[in-house]
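Secondary and tertiary structure notes
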Amino acid sequence: MRGAGGAALRLEGLGKSYGGVTAVAGVSLAVHAGEFVTLLGPSGSGKTTTLMMIAGFVAPSAGEIMIDSRPVARVPPEKRGLGMVFQNYALFPHMTVAANIAFPLKMRGWPRAEWRPRVARALEMVKLPGYEERFPRQLSGGQQQRVALARALVFEPRVLLMDEPLGALDKKLREHMQAEIKRIQRALGVTVLYVTHDQEEALTMSDRIVVMRDGRIEQFGTPVELYEEPANAFVADFIGESNFLSGTVVGFAPDGSAELRGAGGRRFRAAPRGAVAAGAAVAAALRPERLRLMRNGEESSGEENCWEGRVAEIVYLGEAIKLRVAVDELTLTAKMRNGDGGPTPCPGDRVRLAWRADHTVLLGTPQPGEEAGAP
Amino acid sequence: MSQSSPFVPATAAAMGRRSRRPPLALCLLLPALLLLGFVFLYPMLDIVLRSIAAPRGGVSLAHYGKIIAQPAYLRVFLITFEIALSVTVATLLLGYPLAYVLVTARRGIAAAIMACVLLAFFTDVLVRTYAWLVILGPEGALNQVLRALGSAPLNLLYNRYGVLLGMCYALLPYMVLTLYSVMRGIDRNLLQAARNLGASDWRAFRHVFLPLSLPGIAGGSLLVFILAIGYFITPRLLGGAGDQMIAMVIEQQVELGVDWGFASALAIVLLALTILGFLLYDRLVGLKSLFESKI
Amino acid sequence: MTDKKTGQRISRRQALRRGLRLGAGLAAFGVASGRFRRAAADAGKVVVRTGGGAYEEALRKAIFEPFTAATGIQVVPFATNVAKLVAMVESGNIEIDVADLGEFTTVTFQNKGALAKIDKSKFTRTDLADLDPVRDYYIGENTYATVLGYNKDAFPTKHPQSWAEFWDVSAFPGTRMLEDMGAEYPNLEFALLADGVPMDKLYPLDVPRAFKKLRAIRPHIAKWWDSGAVSAQMLASKQTVLGSIWSGRIQALVDANAPVAIEWNQSSRQLQTLCILKGAPNLDNAHKYIDFALQPKQQAEVARLSGYGPINRKAFDHIDAATADKLPTSPQHLKISFATDASWWVAHRAEIADQWQSFLLGG
């Protein structure tokens, strides 16, 4: 099965409100042709509503949807030419696998002679050859997922929408299907807009990720950008795990890093992003795995920051060990690879934590109601 | 209780050892089976025996002979099936869109429609039928409206139209509720999926919703048909001489204490014909094949 | 208080419990005096089958309440249809003492051997010489009639005064109704009267002749009514202008000022009877009840409340002329009407039912 390539997708101020409640507030977004973009956010963030507006099941209150250069906001769903995979697969229970996959061909008036070979090729693509005459109820969850994928792609749409497609699968199968979906997407070159609330899934699969909250885009960027340079505390917290430090800028070091004074007068240094003025109150995020536990008597090796605290809790994760360290009234979480050597501290031990200034990411101005202090 | 009580361990041991005990499910079912046997099978048997009992003891098929010999009774059976079938088709045609609106409309509208449907359900059948007498009469509400509009009055009482109107109204809730329960179970995502895959509104309905609602159509039709076959109050009050249904004849034979044997024979023939019709329906229509589609 | 069996004094609470056990019937009577409650408990009860409805209401005022007041015997009305009564008789589980039934059903039960002979020697209140009919197994209680009813607007000056005129559709145009077998009796007698059979020579009915005459009027019949309510509704709403109808039903319309009227000439009288079921649990009280119910005063009261004609001739001593003029058994109406022969109908009903069925379907 060859794809027809992907189409560019652009949202221009797309909004939806129900009565007085805003579900999606003016979302603008440009997805390149062939790109894999994920809408990520907690439930109620507006990601599914956005997808449903693109699919045509929810009428937007404002804005436009462009597929390549064609406006489709007022086009009925069956004329948008988008493939879609639903959360619960939405296979037609009264149709065989073959009838399910041939359904879009039939509806779109493809010649009957092409149905069978195309169905066969689609099933091959999702690695279910020979399953034509089964009924959906005779398939496992993963197999149903594959059939749904085959059905969504058989008519060669240039954009594929996926609404939490792997939510119902167990972890192993989910990881396997993530790879499968990526493989097929690359092979066909189709543009994918993927909705999930699972940040790990988003990080693994996406070219770029849209983090949404309360109907707005919090940040749009590559997985690396989102992880290494979260725009705000919400993104820093939602993607991966973060320690949050707040403080006042007291000065700048010769290398350009900012000198901050945190709660309790503790000082630390951070790499500023953009212009930060002395005297400004700022928040910073610090990934747990960036904290290094220093052995007794060990000197810091280039880390600008080093705090001492008491181990409050140890969480064994298998491949890693998580420490919760109380530094005065702050609690920092540190994550160390298992088998790094050296003794694992016990709760109550006094330890020192070191980290580099450029791993301390200054966050954008905290929004009202946002918790920018210590978690 | 002391630990020396032998009861608990002994029972547990016995349960472990004896494998031929009646399963628990059967024990739990027993009261229901007994009740069914008593309130259903026993009277059924009684009716069969009555229908073949000779007046002075012994067995006689005279009652059945009379049904065959008197063309009037066969005609009544025919009329009964004719009316029941018409009512089934009419309630389906009326009830399907109603049920569809019920599952698709906004909550307020759906609740209002449901209330209307259930209102008809909760009113006594006799009261409803008398209401039809008032509405359909030559001086009734309907004809007064027609006259005001300058149209000729309609003769809807004491003929087949009256019977069909009254029975459709009485049986519509059964059809609507059966359809509604099936339609509500249809995943709305499937319709969206169909639209997304290129089906127009109508084709999504035709290829997805309609086939999935077939169990409701079959169930509702069967229910209405079987209920309609046994109707007698409505045809009795709203029908004319040509609208004799078999239950009216049975009721007359029973109520006036005339001939319970003959009434039993009529009931048995009705039951046999109904079962036969059902088997034929199952054979000819073959629900399963209708339900499933391949390419 | 003293219990009869043990002779022991019983507590007030026990007595109260016993009183409660008397059931809903007594409570409905609103009888509250302690003296009366004790009398009722001692005298027992009698279970009377009625058809329910307005007729039972009349019986309650005219017979049940005065009977209980006079004898202390509690009357338990038992409203049931004939089918359930048949089932009760067949199962042998008799809960009813006295049955207030149409003569057709009474004769049917008598033929089944389901009735007890009425021991007239037990009667102390009613003089049976004033009553007709008095049979071994049942006694006439009162009478209703099937009359020729018509709409006065349709026939302001001249209305049909016999069944022959009813059949005359050119002289008296308009749609008509006649009784269906489902109601009780199809109007074979009226057909024969219309065909010239004299009123005293009706029985045994010439069935083929009657059906032939019915076929002649069939095109003009809007409906063969099979319940009293339908016949009243049809006449009241002008769906028919002419028809056979039970006297009680049309009288109610007349009393409600509907433009309808009764022609009593050639009306048929049907008998409501009292009988005792074989195996009646309260046999003695059953006799007492019947004896009481047939007294002139009770009969007059039932007639006044229900419009049914009393069987006891002396009842008319207690009925004013205006009321008597509405009753099927008043002397002036007796002269011009005939009694339906229930025994003939019981004997021929099954075969007529077959013919009626095919007649309805056009045969």
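Nothing here was measured: the structure is a model prediction, and the numbers come from that model.

Reading the values: the criteria
- Residues numbered from 1 in each chain as written.
- Chains lettered and ligands numbered in written order.
- Predicted model: local features only at pLDDT ≥ 70, side-chain atom pairs only at ≥ 80, totals over all residues.
- Heavy atoms only, no water.
- Helix = DSSP H or I, 4+ residues; strand = E, 2+ residues; numbered from the N terminus.
- Buried < 20%, exposed > 50% of the residue type's maximum accessible area, 1.4 Å probe, protein only.
- Contact = heavy atoms within 4.5 Å.
- Salt bridge = Lys/Arg side-chain N within 4 Å of Asp/Glu carboxyl O.
- pLDDT = per-residue confidence, 0-100.
- Buried area = accessible area lost by both parts, 1.4 Å probe.
- Polar contact = N/O pair within 3.5 Å; in protein donor to acceptor, adjacent residues only side chain to side chain.
- Axes fitted to C-alpha atoms, helices over the stretch in contact; angles between N-to-C directions.
- Parallel < 35°, antiparallel > 145°, perpendicular 65-115°, else oblique.
- Left-handed = near helix turned anticlockwise from the far one by under 90°.
- Nonpolar A, V, L, I, M, F, W, Y, C, P; charged D, E, K, R; others polar.
- Pairing = 2+ DSSP bridges.
- Expected span 1.5 Å × (residues − 1).

What to know about the environment of B:Thr80
Residue and element names in this part refer to chain B. As for its placement among the helices and strands, Thr 80 is situated in helix 4 (residues 71–104). By relative accessible area, Thr 80 is classed as buried at 0%. Along the chain, Thr 80 and Gly 65 lie 15 residues apart, while their C-alpha atoms are 20 Å from each other. Every residue in contact with Thr 80, bar those within four places of it in the chain, is listed here: Ile 229, Gln 244, Met 245 and Ile 246.

Quick look at the pattern of salt bridges
Taken as a whole and assessed by the stated rule, the structure comprises 39 salt bridges over all chains. Between C:Arg209 and C:Asp195 there is a salt bridge, with its nearest N and O atoms 2.8 Å apart. Here C:Arg209 is found in helix 9 (residues 207–217), whereas its partner C:Asp195 is found in the loop between helix 8 (188–194) and helix 9, with 14 residues between them in sequence. Classification of C:Arg209 by relative accessible area gives partly exposed; the value is 31%. The exposure class of C:Asp195 is partly exposed, given its relative accessible area of 31%. Through salt bridges that share partners, A:Lys127, A:Arg146, A:Glu180 and A:Arg183 make up one connected network.

Here's the deal with the confidence of the model for chain B
All names here are of chain B. Per-residue confidence for chain B gives a mean pLDDT of 85, with 88% of residues at or over 70. Scored below 50 in pLDDT, residues 1–17 shows one contact in the model against residues more than four places distant or in partner chains. For this predicted complex, the interface confidence reaches an ipTM of 0.82, while the overall pTM sits at 0.77.

Quick word on the interface of chain B and chain A
Residue-level contacts link 23 residues of chain B with 31 residues of chain A. The contact between chain B and chain A buries some 2,500 Å² in all, and 62% of this surface belongs to carbon and sulfur atoms. For the pair chain B and chain A, the number of links is one salt bridge. Salt-bridge contacts for A:Glu78 lead to B:Arg195; the nearest nitrogen and oxygen are separated by 2.7 Å. Counting across the chain B and chain A interface gives nine residue pairs in polar contact (both at pLDDT 80 or more).

Regarding the packing of helix 4 of chain B against helix 8 (residues 160–184) of chain B
All names here are of chain B. It is at 6 Å that the axes of helix 4 and helix 8 come closest, and there the two elements cross at 45 degrees. The orientation of helix 4 with respect to helix 8, classified from their angle, is oblique. Judged by the twist between their axes, the crossing of helix 4 over helix 8 is right-handed. Looking at the contact of helix 4 with helix 8 residue by residue, the class counts come to 23 nonpolar, four polar and three charged.

Some points on the interface of chain B and chain C
Facing 33 residues of chain B, the contacting portion of chain C comprises 32 residues. Of the roughly 2,600 Å² buried where chain B meets chain C, counting both sides, 56% is carbon and sulfur surface. Broken down residue by residue, the surface that chain B buries against chain C is led by B:Tyr158, B:Arg236 and B:Leu256, which jointly contribute 23%. Put simply, chain B and chain C have nine residue pairs in polar contact (both at pLDDT 80 or more) between them. Those elements that place two or more of their residues in the side of chain B that touches chain C are helix 4, helix 6 (125–136), helix 11 (233–238) and helix 12 (246–255) of chain B. In terms of residue count, helix 12 of chain B provides more of the side of chain B that touches chain C than any other element does, six residues in total. By residue class, the composition of the side of chain B that touches chain C is 19 nonpolar, eight polar and six charged.

As for the sheet that holds strand 8 (residues 191–196) of chain A
Residue and element names in this part refer to chain A. Taken together, the six strands give an open sheet; going across it, the order is 6-7-8-3-9-10, and neighbouring strands pair in mixed fashion. Each edge of the open sheet carries a strand with a single partner, namely strand 6 (82–85) and strand 10 (216–221). Looking at each pair of strands side by side, their axes are set apart by 20 degrees on average, direction ignored. Bridge count between strand 3 (residues 36–40) and strand 9 (residues 208–213): four bridges; the pairing is parallel. Counted as the bridge partner of Thr 38 is Ile 209 from strand 9.

Structural notes on helix 3 (residues 112–125) of chain A
Residue and element names in this part refer to chain A. The end-to-end C-alpha distance of helix 3 is 21 Å, a good match for the 20 Å that 14 residues give at a rise of 1.5 Å each. For helix 3, every residue scored as buried is listed here: Trp 115, Arg 118, Val 119, Ala 122, Leu 123 and Met 125. On the buried face of helix 3, the contacting elements are helix 2 (97–107), helix 4 (141–153) and helix 5 (171–188). With its phi angle positive at about 65 degrees, Lys 127 sits one or two positions after the end of helix 3.

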